[in-house]
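Each chain is listed here by its residues.
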Amino acid sequence: MENRAILREWFDRVDSQKTGNITSTQLKVQQAFSSLERGRGFLVPDDAYEALVKIGFSLDSPAFYTVCESFDQSRSGKLRLDDFISLCIFVQSARNMFNSFDASKQGRVTLDFNQFIYCSSMEGGNVVEEMLEAIEKVGSYASFRKTQRKECLNLVRRLKLLTPLLEEIKEFGLSSISIEALSGLVDLKKSLLASMKLLKTCNSGSKIFLALESEAVMSRFHAVYDMIHQALNEIPYEKLGISEEVREQVELMHMQLNRAKRRTETQDMELAMDMMVVFSGNDDRNADDAIIERLAKKLDLYTVADLKTETIAVRKLVKAKGKCAIQQVVDLLEKFKQIAGIDENSVLDGPALVRCLEKSKSLLIPHEFLCPISLEIMSDPVIIATGQTYERESIQRWLNSGHRTCPKTGQKLKFLTVAPNFALRNLIIQWCEKNNYELPKKEICDDPDIASSPLAEEISSLIQNLYSSNVNVQRDAIVRIRVISKESPDSRSLIANTGGIPPLVSLMSRTDSEIQQHIVTALLNLSLDEANKRLIAREGAIPSIIHVLQNGTQEAKENSAAAIFSLSILDDNKVLVGCSNGIPPLVDLLRNGTNTGKKDAATALFSLVLNQSNRSRAIKAGIIPALLHLLEDKTLDMVDEALSILLLIASHPEGRNEIGRLSFIQTLVEIVRDGTPKNKECATAVILELGSSNSSCLLAALQYGVYEHLIEITKSGTTRARRKANSLLHLMSKNEHIPFVPRK
């Protein structure tokens, strides 16, 4: 066994009477380790957590993973026996110390046990050093993905503002620091580690995935801001002798964090709309190479080196999440490679994946080990409300398809949460080892903060609370689910897979506007995952979201519009929103909402009018005058959004008639003259669409002086703009309008 000196040190701390012996805990440690290491010689964090529970220690997720990280000396996510014994002896030592402070035996001192464990594992003086190292680390990142670059640079700048504070605390010394101060520093370190993890993702993650998940990533930034803000509030600056100058700097950071936490525009509208066009199966522009080329440049994915780097990142995503979860990412990367002229096999082609051993036909698997649904051996058995056990993937698919009964017994399920069947899983593993049978590999989340049993247990408890008859219990559960659903794709998947969506949708019928706002925001967060969009719609959420859009608070209306946009990425949901009369309230928000509300409404309407039948609904709801106002009011900075929607509306006969009015044509020509390259491209496309069926629109555009500006665009415009301008000039020549251009 390695690290004998370390083990001796911890052993001596436990053996406070210097007897040379400790209790039977050591034997329990050996037994717990042996029962879970499965011949590998190590435990992964989830196994280590289960082993600690068997020994008699119960820690929450932050406390456990902090301690686990401290004793994972190789930083490989694997605990050898000596590492695990060190961990256990430390926890026992910490418990002894805790009990010595807890004279009244109430289970609390100034900190509860989990916080005490969390603080103790930091070894006091290292806390500040580790935070300074973390700030230095994030400052060394050379670049960030373009879609999150601005937010990343802002976060790095804010973290650097903490350096003077930490330097002064370091000079003060931690030998006499209070528990209150240490607790605040520990929380601050947690927030810095979360920041570092987020920045690392934005530094080296898949560019396409980060663009698709831009709203979810922004939610993670907001969560980090909350953590830093709360931690800074807990630090007793006067007791630590912090200078007035540094305290003013901290106050400045507080103000910046408060501004950053406010909901702002989180998407590049041009990028979002181009991606919707590319992914829309019904829009005839989805094969337009110019749009794909522009998207590639927007994401910096047009060189061979960039595409190779992205391919590696996407392969890692496929390995972590499965191909189905990121199919859009894979498809778009293939299109980028085609545009760049790279001729190679699929993105997913690479080193062959390890395959399961073929099942021996003569091998008889015990009936109890087979899932009643799939009739295959279970690798992740879970128990449902009736006490029956199923393979997690199979029962979740059953529940997600709308069933609310037990497949085996037919009983109605009182709740939809599932619980791991560890006992059966261990029996299956032992049988497989004895019979040299390899279980099918399952995709497992590699993020311990998300995949941990404590988080799963918390979510399971919260979802059960949604069924409570106590309104306050329900409210607290909804608020907590709203927070958790912001954190990552894995946490959203866990909420959905544990049956959280049906009760949330059901509770939206409540008249309490605050509860409705929390629920619609939680559903917005959950809908960011592709698989959840269909499930949310299937549970009947869209009419309820539209009701909140019509009658809710201003923030609730904005979040409802954002949720409709997210859900309407699926073509079936576009139709459902239109048929549920969801377009008129969106047009009203476009007309009368705040700037944020207008942008949310515009994005949702663009997605919806990709469907032909929704264009007529939008025109009847009065979308065209609202769009003209956006074009004329330059202070709103929504010309791109308005033109993108107009281009789709102009393909509809009713839309062409109304857009063809002279005031509209004049405004479009002014944009062709003075707009941004993207503005000019869209305005030219709208005039071309109008002129293709109405020659008077061409004549009006010429009278307002569009000809010279079109000539200029054919020379210096974007690729798509040049093509549209040439087509428009050809159409004008064909209709013999060009000779009538007034000369200056």
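Everything discussed here concerns the structure shown above.
We now turn to the structure provided with this report. Everything quoted here is computed from the prediction, not taken from an experiment. (Residues numbered from 1 in each chain as written. Predicted model: local features only at pLDDT ≥ 70, side-chain atom pairs only at ≥ 80, totals over all residues. Heavy atoms only, no water.)

Attention shifts here to the overall build of the chain. What the chain contains, in helices and strands, is 40 helices and three strands. Sequence-distant contacts in the chain: of pairs separated by 6 or more residues, those separated by 24 or more amount to 70%. When the accessible surface of the chain is totalled, it reaches about 34700 Å², and 50% of it is carbon and sulfur. (Helix = DSSP H or I, 4+ residues; strand = E, 2+ residues; numbered from the N terminus. Contact = heavy atoms within 4.5 Å. Areas by Shrake-Rupley, 256 points an atom, 1.4 Å probe, with all protein chains shown as cover.)

Looking now at unusual backbone geometry. In this structure, Asn436 takes a positive phi of about 55° despite not being glycine. Mapped onto the fold, Asn436 is located in the loop between α19 (422-434) and α20 (448-451). Positioned with a positive phi, Asn581 is a non-glycine residue whose angle comes to about 65°. Along the chain, Asn581 falls in the loop between α29 (571-579) and α30 (583-592). Residue classification places Asn581 among the partly exposed positions, given a relative accessible area of 44%. (Buried < 20%, exposed > 50% of the residue type's maximum accessible area, 1.4 Å probe, protein only.)

For helix α39 (residues 706-716), the full list of buried residues reads Val706, Leu710 and Ile713. An end-on view of α39 places all buried positions within 55° of arc, on one side of the element. Opposite the buried face of α39, by more than 90 degrees, sit the exposed residues Glu708, Lys715 and Ser716. (Arc of directions from axis to C-beta.)

Aromatic ring pairs are described here by two measures, namely the spacing of the ring centres and the angle between the planes. Under the definition given, this model contains four aromatic pairs. Centre to centre, the rings of Phe221 and Tyr225 are 6.4 Å apart; their planes meet at 40°, and the pair counts as tilted. Of this pair, Phe221 and Tyr225 both sit in helix α12 (residues 214-234), four residues apart, roughly one helical turn. Linked through ring pairs, Phe369, Trp431 and Tyr437 together constitute an aromatic cluster. (Phe/Tyr/Trp six-rings, centres within 6.5 Å; stacked < 30°, edge-to-face > 60°.)

Adjacent strands of a sheet pair through backbone hydrogen bonds, lying either parallel or antiparallel. Spatial strand order, β2-β1-β3: three strands in an open sheet with antiparallel pairing. Sheet topology places β2 (389-391) and β3 (419-420) at the edges, where each strand pairs with a single neighbour. Here strand β1 (residues 381-383) runs beside β3; their pairing, made up of two bridges, is antiparallel. By the bridge assignment for β3, Ile383 is matched with Ala419. Sitting on the sheet, helix α18 (residues 392-400) is in contact with β1, β2 and β3, with an inclination near 95° to β2. (Pairing = 2+ DSSP bridges. Axes fitted to C-alpha atoms, helices over the stretch in contact; angles between N-to-C directions.)

Its 12 residues place the ends of helix α8 (residues 149-160) 17 Å apart at the C-alpha level, agreeing with the 16 Å of an ideal helix rising 1.5 Å per residue. Listing the buried residues of α8 in full gives Glu151, Cys152, Asn154, Leu155, Val156, Arg158 and Leu159. (Expected span 1.5 Å × (residues − 1).)

It is worth spelling out the packing of helix α28 (residues 554-567) against helix α31 (residues 595-608) at this point. Packed helices, taken two at a time, are described by the angle their axes make and the gap between the axes. One way to put it is that α28 packs onto α31 with a least axis distance of 8 Å and a crossing angle of 25°. On the basis of the axis angle, α28 is roughly parallel to α31. Considering the relative orientation of α28 and α31, their crossing is left-handed. Two secondary-structure elements touch here, α28 through Glu558, Ala561, Ala562, Ile564 and Phe565 and α31 through Thr596, Gly597, Asp600, Ala601, Thr603, Ala604, Ser607 and Leu608. Across the contact of α28 with α31, the residue classes tally to seven nonpolar, four polar and two charged. (Parallel < 35°, antiparallel > 145°, perpendicular 65-115°, else oblique. Left-handed = near helix turned anticlockwise from the far one by under 90°. Nonpolar A, V, L, I, M, F, W, Y, C, P; charged D, E, K, R; others polar.)

Structurally, Ala650 can be placed in the loop between α34 (639-649) and α35 (653-659). Ala650 sits in the buried class, given a relative accessible area of 0%. Between the C-alpha atoms of Ala650 and Ile687, which are 37 residues apart in sequence, the distance is 8.9 Å. Sequence-distant contacts of Ala650, defined by excluding residues within four places in its chain, comprise Arg656, Ile659, Glu689 and Leu690.

Quick look at the nonpolar core now. Counting residues in hydrophobic clusters, the biggest one holds 103 residues, and the most contacted among them are Leu523, Leu590 and Ile623. For this core, the element with the highest residue contribution is α34, accounting for eight residues. Excluding residues within four positions of it along the chain, Ile623 makes contact with Val587, Leu590, Leu605, Ala618, Ile645 and Ile649. Grouped together as the second largest cluster of nonpolar side chains are 43 residues, Leu132, Leu182, Phe221 and Ala231 included. (Core = buried A, V, L, I, M, F, W, Y, C linked by side-chain atoms within 4.5 Å.)

For the structure shown, the criterion picks out 12 salt bridges. Between Lys146 and Asp300 there is a salt bridge, and its shortest N-O distance comes to 3.4 Å. Placement of Lys146 in the loop between α7 (126-139) and α8 and of Asp300 in the loop between α15 (289-298) and α16 (304-321) is noted, with a sequence separation of 154 residues between them. Residue Lys574 is joined to Asp571 by a salt bridge in which the shortest nitrogen-to-oxygen separation is 3.2 Å. Placement of the pair is Lys574 and Asp571 together in helix α29, with a separation of three residues, close to one helical turn. Owing to a relative accessible area of 4%, Lys574 belongs among the buried residues under this scheme. Accessibility expressed as a relative area gives 27% for Asp571, which makes it partly exposed. Counted as one network, the salt bridges with shared partners bring together Lys146, Arg149 and Asp300. (Salt bridge = Lys/Arg side-chain N within 4 Å of Asp/Glu carboxyl O.)

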